[in-house]
Amino acid sequence: MARLNDNFLKLKAGYLFPEIARRVRVFSETNPEAAKNLIRCGIGDVTEPLPEASRKAMHEAIDELGNRESFRGYGPEQGYEFLRQAIVDNQFAGLGIEADEVFISDGSKCDTGNILDIFGPGNVIAITDPVYPVYVDTNVMAGNTGEADENGAFEGLVYLPCNADNNFVPAIPDQKVDLIYLCYPNNPTGTAATREQLQAWVEYARANSSIILYDAAYEAFIQEDDVPRSIFEIEGAHECAMEFRSFSKIAGFTGVRCAYIVIPKALKGTLADGTSQAVHPLWSRRHSTKFNGASYPVQRGAAAIFSEEGKAETQALIEHYMGNAKLLREACEKSGLAVYGGVNAPYVWVACPKGVTSWGMFDKMLEQANVVITPGAGFGAAGEGYFRISAFNSRANVEEVCRRIAEFL
Ligand code: MLT
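Nothing here was measured: the structure is a model prediction, and the numbers come from that model. (Residues numbered from 1 in each chain as written. Predicted model: local features only at pLDDT ≥ 70, side-chain atom pairs only at ≥ 80, totals over all residues. Heavy atoms only, no water.)

### Topic: the sheet that holds strand 15 (residues 386-390)
Taken together, four strands build an open sheet; the order of strands is 11-12-15-14 and the sheet is antiparallel. Two strands in the sheet have a free side with no partner beyond their single neighbour: strand 11 (339-341) and strand 14 (374-375). As paired strands, strand 11 and strand 12 (residues 347-351) are joined by three bridges and run antiparallel to one another. Residue pairing across strands places G341 opposite V348, the latter belonging to strand 12. Here helix 11 (residues 308-334) sits on the sheet and contacts strand 11, strand 12 and strand 15; the angle it forms with strand 11, its principal contact strand, is near 160 degrees. (Pairing = 2+ DSSP bridges. Helix = DSSP H or I, 4+ residues; strand = E, 2+ residues; numbered from the N terminus. Contact = heavy atoms within 4.5 Å. Axes fitted to C-alpha atoms, helices over the stretch in contact; angles between N-to-C directions.)

### Structural notes on the domain arrangement of the protein chain
Looking at the protein chain, the domain boundaries give domain 1 (12-49 + 309-408) and domain 2 (55-307). Just the C-alpha atoms count here: the centres of domain 1 and domain 2 sit 25 Å apart. Surface buried jointly by domain 1 and domain 2 totals about 2900 Å² across both partners, of which 60% is contributed by carbon and sulfur atoms. When the buried area of domain 1 at its contact with domain 2 is split by residue, Y15, N344 and F379 rank highest and sum to 24% of it. For the interface between domain 1 and domain 2, the tally reads zero salt bridges. Listing elements by their share of the side of domain 1 that touches domain 2, those giving two or more residues are helix 11, strand 11, strand 12 and strand 15. (Domains from an automatic or database assignment. Buried area = accessible area lost by both parts, 1.4 Å probe. Salt bridge = Lys/Arg side-chain N within 4 Å of Asp/Glu carboxyl O.)

### What about helix 3 (residues 52-65)?
For helix 3, which comprises 14 residues, the first-to-last C-alpha distance of 20 Å matches the rise-based estimate of 20 Å (1.5 Å per residue) to within 8%. Among the residues of helix 3, those classed as buried are A53, S54, A57, M58 and A61. Considered in projection along helix 3, the buried side chains sweep an arc of 130 degrees and stay on one side of the axis. Turned more than 90 degrees off the buried face of helix 3, the exposed positions are H59 and D63. Residues of helix 3 that are buried sit in contact with helix 10 (296-303) and helix 11. (Expected span 1.5 Å × (residues − 1). Buried < 20%, exposed > 50% of the residue type's maximum accessible area, 1.4 Å probe, protein only. Arc of directions from axis to C-beta.)

### Quick look at the packing of helix 1 (residues 16-30) against helix 12 (residues 358-369)
Running from amino to carboxyl end, helix 1 crosses helix 12 at an angle of 40 degrees, the nearest separation of the two axes being 11 Å. Judged by the inter-axis angle, helix 1 sits oblique to helix 12. With respect to the hand of their crossing, helix 1 and helix 12 are arranged in right-handed fashion. Only W359, F362, L366 and E367 of helix 12 make contact with helix 1, whose side of the interface consists of L16, E19, I20, R23, V24 and F27. Its residues placed into classes, the contact of helix 1 with helix 12 shows seven nonpolar, no polar and three charged. (Parallel < 35°, antiparallel > 145°, perpendicular 65-115°, else oblique. Left-handed = near helix turned anticlockwise from the far one by under 90°. Nonpolar A, V, L, I, M, F, W, Y, C, P; charged D, E, K, R; others polar.)

### A look at the pattern of salt bridges
Evaluated as defined, the whole model comprises 20 salt bridges. For the salt bridge of E330 with K326, the shortest nitrogen-to-oxygen distance reads 3.0 Å. Of this pair, E330 and K326 both sit in helix 11, four residues apart, which is roughly one turn of the helix. Take E330: its relative accessible area is 29%, and that puts it in the partly exposed class. Within this structure, E219, R229, E243 and R245 form a network of salt bridges that share partners.

Laid out in structure tokens, this is it:
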């Protein structure tokens, strides 16, 4: 009989968002009337239409594919030059990143999971707690952890607690770790890291020959001038970090799918015999073998957000979602709850009322307010006692959620 990967059985619960969807489905089936009023602020899925600049570019690309003269088959696995260059020019200008250090993909969720292919066994892996669950689950699947304890913490991972006391940016560990997942602006807490905090992490990584896996999927939502947008703004980061970025949230691409990883050629790791090896060619080889590139129309649509028209439209989207975040923050504050995030990211992280667990809060919001939120415990043990509200919604829905928060909290 074929041998399966036992590691999957270590994952006790289903993946967080399908699990929430399952619970919402059960609620809706038993409460069909209430279900009609349901407002979903759980998963951070965009609601506003794609920018016209992207749609136009995608239509044109499809028309190109309809002509023998302009038809294209397989594209470059790493992405078309026009998109890689547009990314460098618009997102990394002056940061010493070259177009061939950008790898286009179909999503950051896949990228942050797939990246484990190029790392060997035995790495000590640090993750923040709470955390985007993909980082943990993919390490479990890859066999990089032991079993989970009763709090859901996996043996072998180094958890870096993030709480109100450290402004949700973890303290530098007092032990040596090899891989560090950092996500700023942060999902789920919606908080941002300062330049000094990132500088300290880069110094730690360089001193310990660690690699930082920096997830900047929410960079576009940064509102404050002094918050770094890229890890590569920090001196020395090119030698110790790679960065994940996505078009999902900035341009409404959660369904369209396009993202990228920036891997500087200066980034190195170690082989089994102790020799130093650049990461870039390994990922390039992996990408060429297991991926045939994001589709041509999608890459044209992504590149179009860097046109003048595209920039104006994406800016309007960001202002819309961050306007929502502000309203949600204010509504929770007015209800007397401690509120974090929502200033440089489209997530508002809220402390549950005293004595209410995060799943208890999920049930209360679902059953009484008919609003879907995400329980903090779903992001890790340190998320217990909090819940996350996503600001990705229409203004009318957010105003209604604020009204219900005032009524029920
Ligand atoms: C979230 O709600 O945390 C995100 O939508 C998840 C994701 O981007 O995969």
